[in-house]
Amino acid sequence: MHRKHSTLTIAMLFKEAPTSWGLRGDPYLWEELQEYFATAALPESAILLQEKIEQAFQDLTGLSMYESDNFLIPRFAHGGMSSGQICTKFWRESAVPLLMQRYEASFRKDNSMD
C-alpha cells in the first residue's frame, strides 16, 4: 500500500537549514518559504514540487530564481555588505537540489513503511 503525503507539508523540507548560504538574504528567504509552505501538502511528484518552489520564490521576491544576477530584497536587509542580497545561483544549484533530495528521501522513507 502506498501512503499519500497528505499529512506532510512542503514546510517540513525546510526544517533543517543548509550548512552554508549564498548571500546574507538567503536565510531570510528560506524562513519565509518555510512559512509560505506551512500548510501546503507535499505534492505527488518532484516536478510539481519544483514548480511550487519556483512559484513561491517568485511570489516572495518578485523575481525568478533564473535571473542571472543576485538581487536585493529590502525587507531582508539588516546591515552589512551583502545584507538583503539573494543569490540566485545558490537557489538554483544548492537550495532547490537539497529540497528535492529531501523530498525524494521522504518518499523512500514513506514507502519503506508499507
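It should be noted that the structure appears before, not after, this text.
Residues numbered from 1 in each chain as written. Predicted model: local features only at pLDDT ≥ 70, side-chain atom pairs only at ≥ 80, totals over all residues. Heavy atoms only, no water.

Engineer: Please clarify how the pattern of salt bridges should be interpreted in this entry.
Structural biologist: Where side chains of opposite charge bring their charged atoms close, a pairing between them can arise. Considering all chains together, one arrives at one salt bridge under this definition. Between R75 and E32 there is a salt bridge, with the nearest N and O atoms lying 2.9 Å from each other. With a gap of 43 residues between them, R75 in the loop between β1 (71–72) and β2 (85–86) and E32 in helix α1 (residues 26–36) connect regions that are remote in the sequence. What makes R75 partly exposed here is its relative accessible area of 42%. (Salt bridge = Lys/Arg side-chain N within 4 Å of Asp/Glu carboxyl O. Helix = DSSP H or I, 4+ residues; strand = E, 2+ residues; numbered from the N terminus. Buried < 20%, exposed > 50% of the residue type's maximum accessible area, 1.4 Å probe, protein only.)

Engineer: Would you take a moment to explain the nonpolar core for this structure?
Structural biologist: Buried together is how nonpolar side chains tend to be arranged in soluble globular proteins. In this structure, L13, F14, L29, L33, F37, I86 and W91 are the most contacted members of the largest nonpolar core, which totals 28 residues. Contributing elements (two or more residues each) for this core: α1, α2 (46–61) and α3 (88–112). Once you skip the residues sitting within four places of it in the chain, I86 turns out to touch L23, G25, D26, L29, F57, N70, F71, I73, F76 and W91. (Core = buried A, V, L, I, M, F, W, Y, C linked by side-chain atoms within 4.5 Å. Contact = heavy atoms within 4.5 Å.)

Engineer: Where do I start with the packing of aromatic side chains in this structure?
Structural biologist: The relation between two aromatic rings is expressed through the spacing of the ring centres and the mutual angle of the planes. For the structure shown, the criterion picks out ten aromatic pairs. Ring centres 4.8 Å apart and planes at 65° place the aromatic pair F14 and W30 in the edge-to-face group. Here the residue F14 occupies a position in the segment before α1, and W30 occupies one in helix α1, the gap between them amounting to 16 residues. Given the relative accessible area of 1%, F14 is considered buried. Residue class for W30 comes out buried when judged on its relative accessible area of 2%. Ring geometry for F57 against W91: centres 5.8 Å apart, planes inclined by 65°, an arrangement best described as edge-to-face. Of this pair, F57 sits in helix α2 while W91 sits in helix α3, and the two are 34 residues apart along the sequence. (Phe/Tyr/Trp six-rings, centres within 6.5 Å; stacked < 30°, edge-to-face > 60°.)

Engineer: Please clarify how the environment of F57 should be interpreted in this entry.
Structural biologist: Overall, F57 belongs to the buried group, its relative accessible area being 0%. In the structure, F57 is positioned 25 residues away from E32 in sequence and 9.4 Å away in space, judged by C-alpha atoms. The contact partners of F57, leaving out residues within four places of it in the chain, are L29, L33, G62, L63, S64, M65, F71, I86 and W91.

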